[in-house]
Each structure stands twice: as C-alpha cells, then as structure tokens.
Amino acid sequence: MKTFITGFIFLVLLLLEPRFSTFFSVAPDLELSSLIKAEMETQIAVSPAIRDKFKVKKSEIVCIPTESTFKPLATSNNRMDGEQVCRHWIVISN
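Residues numbered from 1 in each chain as written. Predicted model: local features only at pLDDT ≥ 70, side-chain atom pairs only at ≥ 80, totals over all residues. Heavy atoms only, no water.

### Describing the side chain of Ser68
Along the polypeptide, Ser68 turns up in strand β4 (residues 68-74). One polar contact links the side chain of Ser68 to the main-chain amide nitrogen of Ser21, over a distance of 3.1 Å. When neighbours within four sequence positions are excluded, Ser68 is seen to be in contact with Leu14, Pro18, Arg19, Phe20, Ser21, Ile61, Val62 and Cys63. (Helix = DSSP H or I, 4+ residues; strand = E, 2+ residues; numbered from the N terminus. Polar contact = N/O pair within 3.5 Å; in protein donor to acceptor, adjacent residues only side chain to side chain. Contact = heavy atoms within 4.5 Å.)

### A closer look at the pairing of β4
The element β4 is largely enclosed, with a buried count of six among its seven residues. Of the pairings in the sheet, the one linking strand β1 (residues 22-27) to β4 comprises six bridges and is parallel in character. Following the sheet pairing, Thr22 is matched in β4 by Thr69. A loop of four residues connects strand β3 (residues 61-63) with β4, the two strands running antiparallel in sequence, and Glu67 in this loop sits at a positive phi of about 60°. (Buried < 20%, exposed > 50% of the residue type's maximum accessible area, 1.4 Å probe, protein only. Pairing = 2+ DSSP bridges.)

### Observations regarding the sheet that holds β1
Pairing is mixed in the open sheet, where four strands are placed in the order β1-β4-β3-β2. Strands with a single pairing partner mark the edges of an open sheet, and in this sheet they are β1 and β2 (54-56). When the angles between neighbouring strand axes are averaged without regard to direction, this sheet yields 20°. Lying over the sheet, helix α2 (residues 30-45) contacts β1, β2, β3 and β4, oriented at roughly 150° with respect to β4. (Axes fitted to C-alpha atoms, helices over the stretch in contact; angles between N-to-C directions.)

### Some thoughts on the pattern of salt bridges
Inspection of the entire model under this criterion finds five salt bridges. The salt bridge partner of Asp52 is Lys53, with a shortest N-O separation of 3.8 Å. Owing to a relative accessible area of 32%, Lys53 belongs among the partly exposed residues under this scheme. The partner of Glu60 in a salt bridge is Lys57, and the shortest N-O contact between them spans 3.8 Å. By relative accessible area, Lys57 is classed as partly exposed at 37%. In the salt-bridge network here, residues are joined through shared partners; they are Lys57, Glu60 and Lys71. (Salt bridge = Lys/Arg side-chain N within 4 Å of Asp/Glu carboxyl O.)

What follows is the structure in structure tokens.
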C-alpha cells in the first residue's frame, strides 16, 4: 500500500510542481528504488485520463505538460548519487 501511495504522490507532484522539476526515489539498491517507478507505470497504464500526460522511459518517467522527471536512484558508499536530493523529502515508513 505504501508503494501505491508514494507512486500516486509522485504522479501528482509531476503534474503540479513547476516546469522542469526533478524527483527522485532513493534506496540502498536500484531494485528497491525502482519499485516506486514500476507502481507509477502501472497507475499510468490503467488510467486513461492521465496516460497521454506521461512518457515512460527505461530509466525515468517524464510528465509531458510540465517536462518534469522522476528517476529512481541507488545509494553508494563511494558516490553521492543522491547529491541533488536536497530540497524536498518525502519519507513514508512503518
């Protein structure tokens, strides 16, 4: 249920935030981080009202009207993949 809600929130943010916004899902590995992207893809596929508003690519989801993007990222000990993730945070946990 958390993945569904998180994916929904990201879809809404992609539609409502200023143009060219970038959103990230950051997790210890790319598989976990990509779970939200997979849920977003499902929500887009089953929703005819928003299907034409998004372009799903291999590594990201792009909102066509706002040109905003969502990208799943993985953290690493020797790199700062989440370096750009500093302005806004969404944390959903148990």
